[in-house]
Amino acid sequence: MMKDAFPRGGTAIVGTATFGIGEAPGFSNFDLAAHASIRALAAAGLRPRDVDGLFVVVMDEALAALNFADYLGIQPRFTDNCRSGGSSFQIQASIAALALAAGQCDVALIAYGSNQRSAAGKLVSSTSRPSPWETPYRPLRPISQYALAAARHMHQYGTTKEQLGEVALAARKWAQLNPEAFVRDELTLEQYLSARPISDPLNARDCCLVTDGAAAVVMVRADRARDLCARPAYLLGAAAETTHREMSSMADLTVTGVARAAQRAFAQAHIRPGDVDVVELYDAFTINTILFLEDMDFCPKGEGGRFICGGAIAPGGRLPVNTNGGGLSCVHPGMYGLFTMVEAARQIAGVCGQRQVPKVDIAIAQGNGGELSSEAVLVLGSEATL
Amino acid sequence: MSSELSPNLRPEEDFFRFLGEGRFMLQRSRESGRFIFYPRVAEPLTGSTDLEWVEASGRGTVYSTTVVRQKPPTPNYNVALIDLEEGPRLMSRVDGVAPETVRIGMSVKAKIIRENERPLLVFEPA
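Criteria and thresholds
Residues numbered from 1 in each chain as written. Chains lettered and ligands numbered in written order. Predicted model: local features only at pLDDT ≥ 70, side-chain atom pairs only at ≥ 80, totals over all residues. Helix = DSSP H or I, 4+ residues; strand = E, 2+ residues; numbered from the N terminus. Buried ≥ 20, exposed ≤ 12 C-beta atoms within 10 Å, placed from the backbone. Contact = placed C-beta atoms within 7 Å. Rg over C-alpha atoms; globule rule 2.2 N^0.38 Å. Expected span 1.5 Å × (residues − 1). Pairing = 2+ DSSP bridges. Axes fitted to C-alpha atoms, helices over the stretch in contact; angles between N-to-C directions. Nonpolar A, V, L, I, M, F, W, Y, C, P; charged D, E, K, R; others polar. Parallel < 35°, antiparallel > 145°, perpendicular 65-115°, else oblique. Left-handed = near helix turned anticlockwise from the far one by under 90°. Core = buried A, V, L, I, M, F, W, Y, C linked by C-beta atoms within 7 Å. Domains from an automatic or database assignment. pLDDT = per-residue confidence, 0-100.

**Student:** Explanation requested: the overall build of chain B in the structure shown.
**Tutor:** When its secondary structure is counted, chain B shows 1 helix and 8 strands. Reading chain B from its N end, one meets helices and strands in the order α-β-β-β-β-β-β-β-β. Based on the C-alpha atoms only, the size of chain B along its principal axes is roughly 50 × 30 × 20 Å. Here chain B holds 126 residues, and the buried ones make up 30% of them. Contacts spanning at least 24 positions in sequence make up 53% of the contacts within chain B whose residues lie at least 6 apart.

In structure tokens form, the structure reads like this:
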């Protein structure tokens, strides 16, 4: 096998934006994505006409990148419409890094928008055929699939409901420091434990929000990054792993594709978990945070529940995780992956106000698609890490 | 035992036809002896098309379980992943006991019922 030649530090995020987080009635998915895109480009002194690499996906339009090129009035020479679920954006960033490095494009725009809360009031699933092997049993897709993983983790490692609750509480505490977060009111362990049960062991407070929202990220080659951005977030590593589609095909429900993806991304970036200053994970459900921290080797497998206890990942804790409030308390418009990239880049840029973690040089932005099916890990670094 | 080789094999259609006849059938590769689920036209990884249908023992163990909570008076129900004695894992439901009492590691036995005018594979405590 050829050596992994990912271009460490060869590209950087030079512009980010979010738009319409929470409720943004009256906009289409593409209106929202356009608002975020224009802002992200403007942050780098660019306009839509400068984009020649377009990376777009939305929940309910299979050919979204075509629609969005049309919307922006551009004719990109590199177009990608990745559909791996919520990890699409991390995978798009890795494709963009390779395309930029190979001169296939000069300015890459990754964009996403969703009006699911205003338009439907619930999770709008992507256009997948219902599984003949799962659907007859009526799992609440995707909640029950994550519940099965949580139940197995609790059985195998003694993880407790209170520990899942700590994840939700930490996310809420971060959200309270983020004016953009959709849910910022107080959440106590008692309130968490008495929330409406949905699919055991998960209750309503274990599940991500249903919101509107859009995000966009602009990437260029490193040699141009400092001209466009004061503090770019350089892409040091990017790796993904697909493990299954049917939940019954996931070999071990306590080990996700993050384990191998992170190993490869960290190796590309020449870093170890101890070097990481801030971690942005795809917390669609509380169990995700525990699984992904273990799989990234921040703690041994099975120790995640104990690792996050005592406010360890909350503001002021030993490892800042999901500093925007995450999918649990900030924003979750169907797919959340791009928002972890925006928050990681913002932490490196040092523009996070009250929730800013001091001196962020290395930030992780992870994406999760399907039901723990597709995992992708980006390692972003400040100029000091080059 | 019935055997049907590709390309005549229609994996999903055949599985449910067998189930409708009261038979829970699994595919097995003649060469590797490995059982697979869900049904396919070729064995995963090897691509072998020497698959034959074999009657499953029906014996299994609960790998994981969840209770889907409903608004009363609609009853809650169970969703489980079952590890079959033959090796494969599948999604199903454990009937015959309260959904809350289904435990990981519980021994279960397959049963074919009809639900929504279709045959359905479920499990009961062994």
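**Student:** Which parts of the structure should I look at to understand the overall build of chain A?
**Tutor:** Scanning chain A from N- to C-terminus turns up 13 helices and 11 strands. What you see for chain A is a C-alpha radius of gyration of 19 Å, in line with the 21 Å of a compact globule of 386 residues. Across its three principal directions, the C-alpha atoms of chain A cover 50 × 45 × 40 Å. Out of the 386 residues in chain A, the part that is buried amounts to 61%. Residue pairs in contact within chain A that sit at least 24 positions apart in sequence constitute 79% of those at least 6 positions apart.

**Student:** Teacher, can you tell me more about helix 1 (residues 29-43) of chain A here?
**Tutor:** An α-helix turns once every 3.6 residues. As a result, residues three or four positions apart point the same way. Residues and elements named next belong to chain A. Here helix 1 is 15 residues long and its end C-alpha atoms lie 21 Å apart, about the 21 Å a rise of 1.5 Å per residue gives. The elements touched by buried residues of helix 1 are strand 1 (11-22), strand 2 (53-56), helix 2 (64-72), strand 4 (108-114) and strand 7 (212-221). Positive backbone phi, approximately 70 degrees, marks Gly45, located one or two places after helix 1.

**Student:** Looking at this model, I keep getting lost on the sheet that holds strand 3 (residues 78-80) of chain A. Mind explaining?
**Tutor:** Note on sheets: strands pair through backbone hydrogen bonds, and any given pair is parallel or antiparallel. Residue and element names in this part refer to chain A. Read across the open sheet, the 9 strands follow the order 3-2-4-7-1-8-11-10-9; overall the sheet is mixed. What marks the edges here is a single partner per strand, and that holds for strand 3 and strand 9 (278-280). Here the average twist between neighbouring strands, direction ignored, is 20 degrees. Where strand 9 and strand 10 (residues 362-369) come together, 3 bridges link them in parallel fashion. Within the sheet, the bridge partner assigned to Val279 lies in strand 10 and is Ile364. Where helix 13 (residues 337-349) meets the sheet, it contacts strand 1, strand 4, strand 7, strand 8 (233-242), strand 9, strand 10 and strand 11 (374-381), and its direction lies at approximately 175 degrees from that of strand 10.

**Student:** Mind showing me how you'd approach the interface of chain B and chain A here?
**Tutor:** One frequently used descriptor of interface size is the decrease in accessible area upon assembly of the parts. Counting from both sides, the interface comprises 18 residues of chain B and, opposite them, 22 residues of chain A. Put simply, the parts of the chain that give the side of chain B that touches chain A at least two residues each are strand 4 (59-68), strand 5 (77-84) and strand 6 (89-92) of chain B. At 5 residues, the largest contribution of residues to the side of chain B that touches chain A is made by strand 4 of chain B. Per-class residue counts for the side of chain B that touches chain A are 10 nonpolar, 4 polar and 4 charged.

**Student:** How should helix 5 (residues 143-157) of chain A be read in this particular structure?
**Tutor:** A rise of 1.5 Å per residue sets the reference length of helix 5 of chain A, with its 15 residues, at 21 Å; its end C-alpha atoms lie 21 Å apart and thus fit the reference within 8%. The element helix 5 of chain A is largely enclosed, with a buried count of 12 among its 15 residues. Residues of helix 5 of chain A that are buried include every one of Ile143, Ser144, Gln145, Tyr146, Ala147, Leu148, Ala149, Ala150, Ala151, Arg152, His153 and Met154 of chain A, and no others. In this structure, the buried residues of helix 5 of chain A make contact with helix 6 (161-175), strand 5 (197-199), strand 6 (202-203) and helix 10 (286-295) of chain A together with strand 4 and strand 5 of chain B. Phi turns positive, to about 75 degrees, at Gly158 of chain A, one or two residues after helix 5 of chain A.

**Student:** How should I be thinking about the packing of helix 1 of chain A against helix 2 of chain A in this particular structure?
**Tutor:** Geometrically, a packed helix pair is captured by the angle between its two axes and the distance between the axes. Residue and element names in this part refer to chain A. Orientation of helix 1 relative to helix 2, taken along the N-to-C sense of each, is 60 degrees, at an axis distance of 11 Å. Relative to helix 2, the element helix 1 is oriented oblique. Seen along the crossing, helix 1 lies across helix 2 with a hand that is right-handed. Seen from helix 1, the contacting residues are Phe30, Ala33 and Ala34; seen from helix 2, they are Asn67, Phe68, Tyr71 and Leu72. Partitioning the contact of helix 1 with helix 2 into residue classes produces 6 nonpolar, 1 polar and no charged.

**Student:** What is the right way to look at the nonpolar core in this model?
**Tutor:** One recurring pattern in soluble globular proteins: nonpolar side chains tend to sit buried together. One finds Ala33, Leu109, Ile110, Ala216, Val217, Leu378 and Leu380 of chain A to be the most contacted residues of the largest nonpolar core, which totals 164 residues. Structurally, this core is a two-domain feature, drawing no fewer than three residues from each of domain 1 (11-55) and domain 2 (59-125) of chain B. In contact with Leu378 of chain A, other than residues within four places in its own chain, are Gln90, Ala93, Leu235, Ala238, Ala265, Met341, Ile364 and Ala365 of chain A.

**Student:** Please explain the confidence of the model for chain B as it appears in this structure.
**Tutor:** Do not read the predicted coordinates in detail wherever pLDDT is low. Looking at chain B, the pLDDT average stands at 94 and 94% of residues meet or exceed 70. Overall fold confidence for the complex sits at a pTM of 0.97, while the interface term, ipTM, reaches 0.95.

**Student:** Looking at this model, I keep getting lost on the domain arrangement of chain B. Mind explaining?
**Tutor:** Residues and elements named next belong to chain B. If you check the domain split of chain B, you get domain 1 (11-55) and domain 2 (59-125). When each unit is reduced to the centre of its C-alpha atoms, the spacing between domain 1 and domain 2 is 21 Å. At the interface, 9 residues of domain 1 touch 8 residues of domain 2. Of all the secondary-structure elements, those providing two or more residues to the side of domain 1 that touches domain 2 are helix 1 (11-20) and strand 2 (35-36). Take the side of domain 1 that touches domain 2: its biggest share by element is 3 residues, from helix 1. Residues of the side of domain 1 that touches domain 2, tallied by class, amount to 7 nonpolar, 2 polar and no charged.

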